[in-house]
Amino acid sequence: MQFFRGVMGGQIAGPQPSGAETIQKLCDRVASSTLLEDRRDAVRALKSLSKKYRMEVGTQAMDHLINILQTDRSDSEILGYALDTLYNIICNDEEEEQDESEDENAQKGADDLGAQFTDKFIQDPEHITLLLTLLEEFDFHVRWPGVKLLTALLKNQGVQVQGIILVSPMGVSRLMDLLADSREVIRNDGLLLLQQLTKGNAAIQKIVAFENAFERLLDIITEEGSSDGGIVVEDCLLLLLNLLKNNSSNQNFFKEGSYIQRMKPWFEVGDDNSGWSAQKVTNLHLMLQLVRVMVSPVNSPGASASCQKSMYQCGLLQQLCTILMATGVPADILTETINTVSEVIRGSQVNQDYFASVNAPSNPPRPAIVVLLMSMVNERQPFVLRCAVLYCFQCFLYKNQKGQGEIVATLLPSTIDANSISAGQLLCGGLFSADSLSNWCAAVALAHALQDNLTQKEQLLRVQLATSLGKPPVSLLQQCTNILSQGDKIVRRGSKVQTRVGLLMLLCTWISNCPIAVTHFLHNQENVPFLTAQISENLGEDERLVQGLCALLLGICIYYNDNSLENYTKEKLKQLIEKRIGKENFVEKLGFITKHELYSRAAQKPQPVFPSPEQMLFDHEFTKLVKELEGVITKAVHKSTEEEKKEEEVKKTLEQHDNIVTQYKELIREQDAQIQELKEQAASMASQNEQMQTTLTQQLSQIQQHKDQYNILKLKLGKENQSQPTSQGEGSQMNGLQTEELSQLREELEELRKQHSLLQTQLSDKVALISTLKSEAAQTADGPAGGSDNTELLQELEALRSQVQSQSTEITQLKTERQDLLRKAGAVSSDTVPTSDGSLDAAKMAELEGRLAAQTSETERLEEELKRLSGSRAELEQQLASSTSTVAILQTERSKLQTEVQESKKEQDDLLMLLADQDQKIHSLKQKLKDLGETVEDEDDLDARDQTDDDDEEDEDED
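As the structure is a computational prediction, the values presented were derived from the model and not from experiment. (Residues numbered from 1 in each chain as written. Predicted model: local features only at pLDDT ≥ 70, side-chain atom pairs only at ≥ 80, totals over all residues. Heavy atoms only, no water.)

Draft legend 1. Focus on the overall build of the chain. In terms of helices and strands, the chain carries 42 helices and four strands. Counting every position in the chain, which comprises 959 residues, the buried fraction comes to 41%. Here the chain displays about 51500 Å² of accessible surface, and carbon together with sulfur accounts for 50% of that area. (Helix = DSSP H or I, 4+ residues; strand = E, 2+ residues; numbered from the N terminus. Buried < 20%, exposed > 50% of the residue type's maximum accessible area, 1.4 Å probe, protein only. Areas by Shrake-Rupley, 256 points an atom, 1.4 Å probe, with all protein chains shown as cover.)

Laid out in structure tokens, this is it:
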């Protein structure tokens, strides 16, 4: 203990040991001491020396400290000292730095030292797992230094530590539990830890998001006061940005969870916006960035459109527009709000229409677009604010032909209102002002009003400008070219590169893909000589971009020329280039555009972001136009007259071929229609054939039944003719009824005759139908689709006809037999009427007639039953079809459920494996504790104690 007193503050006599020697003795004491108090004091001493002697403590004591974390888990105090010591040697704390003005090599050496110790610590991944296990301890002195140590490890070697945590079971979930800690210090440091953990790792970002991170973070922001909150709100917003930026899965989860609606209260500002604190400005700036992440142009169009729709429906866009038009808002917040509104309305027609309807709270009210454009063309406004307004105007016109038409309409003579300021007037004023930045912004804004809109390009040709009193008005196109080509005071204003670049971009966008605008441009005799002169000159580095744009403008005049002007046809313009400039020189000057260093920067993203006003030269949409036209203009210039003639001939030939192909396509369509009709006819004939076969089958069964009845009747009549009457008394009793019964028998026979005639009529109809079908089949066979299907159908009809003929023969035979039977019945009736001894024959005849009537009624009943069964069969077939489809659907669902069950089983197996590992670890830890002499109660002992307590309580209740 005397040694520790010397280290911790007491002075002892004699020579003082060096720091390395002291640390070595402390490490030996930590490794060899058996008493926990001695080890604790040694670790405390190492902690006090770890900042001053960082290298020595880290080199000599790290392994001993890690061993303490593994063995002395029961003592939270020594664990806290060990974790603090490790944090001091690993963390590159700013407080350790002597001064910012000192040599940077010292700071670099400290960073390298922290990285080296971090590498040493994470060589064994089990050390990170051990640290994650210690974070489950609720003791403040263990959990808080553990959180700080893990944060420092992530700062030094983030990728390696992220990989270890990702594969650790429940590693991310343990860290998410820090957000639920009631102690704000641990919760706040947990936010910093999660910030480092989620940097650049999409897999961890997804896990954190699905651990209900969005809900917890938004709750914390609300509890801390939203935008009025402190640094904790800032940390939450930074973590949300890490989770959502460039992560489409988390963005979709954020939108589907209805978390966009919870962002609206963040932007509720009052009327008095003076005196915003720096923290509130920072918080609101991060909140606006969070909105922009959800609707960024780099996201997929479908995801951005869905978020834009949600923001409009929940009122978030309206709240942002309120901030936009509010007074007293800080400039940087206003700029970021304009950028945010720009991306919320970009490409969304509904949002763009709403933004067009927003008015500023002025007297009289003015549209928000007009107020923003006034700021854009005002040279006293901040540069970043003017860039934001330009971006907002571009996003408002992006894929918005309605908005483009409204902007161009404010320039047309019929819609100009002298009493109010319109967007068109502001753009024209900025286009021709003395400020080069206003010239460029107005030119680019007007170019976006014409982007991919041929109608507005033609409409803008009608715009007339009054240059001065007493002079006739000139067109807007003419005025733009005058600024570039004339030599008066306007030229000196437009002599700046930025102004000329803006005007040339406007002209290129205007006349591209618009032959009428090309004709108007070439109609001015001064334009082409000016362009050729600019291209042919050898100017400085700054003027090369202007030369390239002039070459592009002249190339557009060639490519989109309709040869309506004799002096400036395609061929004459190419001859002029070859004589005055040279084709190779022209192509080289055209390539100056894409070789410019600012071109690639503007092509990266739509938002105009420039370090300084002088670098504001290219527009994003214009870079797309250059990329599209550079190749085709180069080919158009190099083509000779013969090649053009060949191309025209090829085009004519292709047009002829196209016409021929179109004719053949129409013919094929007609033939397809005919084939379809024939297929339908064949299908109907097949169905009729099936119906006829069914009818014939029924008729055959009926005929067979009648035939059997006639045979039975014939046999009975023959037997009755052979037998003689034996009882006169019975004959005298039935003599009076015999005549009536015979008349009924005649009526029954008459009905049978009618049925026979009806059958003959149906037979003749079937024969006629067969002949009709045969003729139609013959006509069908003559068509383009008369193939094997019709041949087979004709064969079936021939077979059916032969079958009907055979049935007709049988019916004729039955008819003959019926007539014989009728004659015999008549003879019997003539014999029995005058005779008084034929009572027995009359009884037989009555019995026969009764049987015949019963058979006839049975036949009719069977026919009705057959019809009913036919209808039932059709219904059953429909039910069978629906049942088949239902079974298919159920089988599909069953396969899905089986797949889900298998996945669930796999997850359960994984969970069981995790539980088994956890149980094994708990068992091993208990065994270690038992080995160390600690008392550990097993679950069986706890259950026995609970049972004993319950029995004692029951005894007390009984007493």
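We are not done yet, so read on.
Draft legend 2. Summary view of a negative patch on the surface. Negative charge collects at one region of the surface, where Glu 900, Glu 903, Glu 907, Asp 909 and Asp 910 lie side by side. Mapping Glu 903 onto the fold places it in helix α41 (residues 839-931). (Patch = residues over 30% accessible without salt bridge, like charges linked within 9 Å, V, L, I, M, F, W, Y side chains within 5 Å. Salt bridge = Lys/Arg side-chain N within 4 Å of Asp/Glu carboxyl O. Lys, Arg positive; Asp, Glu negative; His and termini not counted. Charge placed at Lys NZ, Arg CZ, Asp CG, Glu CD.)

Draft legend 3. Focus on helix α18 (residues 316-325). For α18, a buried count of eight out of ten residues is recorded, marking the element as mostly surrounded by other parts of the structure. Residues of α18 that are buried include every one of Leu 316, Leu 317, Gln 319, Leu 320, Cys 321, Ile 323, Leu 324 and Met 325, and no others. Check the buried side of α18 and you find it contacts α16 (278-294), α17 (301-313), α19 (331-345), α20 (349-357), β1 (359-360) and α21 (368-376). (Contact = heavy atoms within 4.5 Å.)

Draft legend 4. Representation of a nonpolar patch on the surface in the model. Residues Ile 660, Tyr 664, Leu 667 and Ile 668 make up a contiguous nonpolar surface patch of roughly 380 Å² in combined accessible area. Position of Ile 660 among the secondary structure elements: in helix α38 (residues 641-722). Relative accessible area serves as the criterion here: at 39%, Ile 660 is assigned to the partly exposed category.

Draft legend 5. Spatial organisation of the packing of aromatic side chains. Inspection of every chain in the model, using the stated rule, returns eleven aromatic pairs. When the centroid spacing of 5.9 Å and the interplanar angle of 35° are considered together, the rings of Phe 214 and Phe 253 count as tilted. Taken together, the positions of Phe 214 in helix α13 (residues 213-223) and Phe 253 in helix α15 (residues 248-256) put the pair 39 residues apart, joining distant regions of the chain. Pairing Tyr 599 with Phe 618 gives two aromatic rings, centres 5.6 Å apart and planes at 90°, and the pair type is edge-to-face. Within this pair, whereas Tyr 599 is found in helix α36 (residues 597-602), its partner Phe 618 is found in the loop between α36 and α37 (620-638), the two being separated by 19 residues in sequence. Owing to a relative accessible area of 10%, Tyr 599 belongs among the buried residues under this scheme. Classification of Phe 618 by relative accessible area gives buried; the value is 2%. Through successive ring pairs, a cluster of aromatic residues spans Phe 210, Phe 214, Phe 253, Phe 254 and Tyr 259. Sitting above the plane of the Phe 138 ring, Arg 183 keeps its charged end 4.0 Å from the centroid. If you follow Lys 280 out to its NZ or CZ, it ends over the ring of Trp 276, 4.6 Å from the centre. (Phe/Tyr/Trp six-rings, centres within 6.5 Å; stacked < 30°, edge-to-face > 60°. Lys NZ or Arg CZ within 6 Å of the ring centre and 35° of its normal.)

Draft legend 6. Here's a closer look at the environment of Asn 88. Here Asn 88 shows up in helix α5 (residues 76-90). By relative accessible area, which is 12% here, Asn 88 ends up buried. Sequence separation of Asn 88 and Ser 50 is 38 residues, and the distance between their C-alpha atoms is 6.1 Å.

Draft legend 7. Looking closely at the environment of Pro 606. Relative to the helices and strands, Pro 606 resides in the loop between α36 and α37. A relative accessible area of 17% places Pro 606 in the buried class. Here the alpha-carbon distance between Pro 606 and Cys 395, two residues 211 residues apart in the chain, equals 9.0 Å. Not counting residues within four places of it along the chain, the set of residues in contact with Pro 606 comprises Pro 297, Arg 346, Tyr 391, Gln 394 and His 620.

Draft legend 8. A look at the nonpolar core. With 207 residues, the main nonpolar core has Leu 150, Leu 175, Trp 266, Phe 267, Phe 355, Trp 510 and Leu 552 as its most contacted residues. With twelve residues, the single largest contributor to this core is helix α22 (residues 383-397). (Core = buried A, V, L, I, M, F, W, Y, C linked by side-chain atoms within 4.5 Å.)

Draft legend 9. Quick look at the packing of helix α29 (residues 497-511) against helix α32 (residues 544-559). Across the interface, α29 lies against α32 with an axial gap of 10 Å and an inter-helix angle of 15°. Taken together, the axes of α29 and α32 lie roughly parallel to each other. Of the two possible hands of crossing, α29 and α32 adopt the one that is left-handed. Along the contact surface, α29 presents Val 497, Arg 500, Val 501, Leu 504, Leu 507, Cys 508 and Ile 511, while α32 presents Leu 545, Val 546, Leu 549, Cys 550, Leu 552, Leu 553, Ile 556 and Cys 557. Of the residues in the contact of α29 with α32, the class split is 14 nonpolar, no polar and one charged. (Axes fitted to C-alpha atoms, helices over the stretch in contact; angles between N-to-C directions. Parallel < 35°, antiparallel > 145°, perpendicular 65-115°, else oblique. Left-handed = near helix turned anticlockwise from the far one by under 90°. Nonpolar A, V, L, I, M, F, W, Y, C, P; charged D, E, K, R; others polar.)

Draft legend 10. Quick peek at the pattern of salt bridges. For the coordinates displayed, the defined rule picks out 20 salt bridges. The shortest N-O distance in the salt bridge between Glu 77 and Arg 40 comes to 3.6 Å. Within this pair, whereas Glu 77 is found in helix α5, its partner Arg 40 is found in helix α3 (residues 36-49), the two being separated by 37 residues in sequence. Notably, a salt bridge pairs Glu 336 with Arg 292, separated by 3.0 Å at the nearest N-O pair. Taken together, the residues span a long stretch of sequence, with Glu 336 in helix α19 and Arg 292 in helix α16 at a distance of 44 residues. Comparing Glu 336 with Arg 292 shows no difference in burial state: the two are buried. Here the salt bridges share partners, and the residues they tie into one network are Arg 40, Asp 41, Arg 44, Asp 75 and Glu 77.

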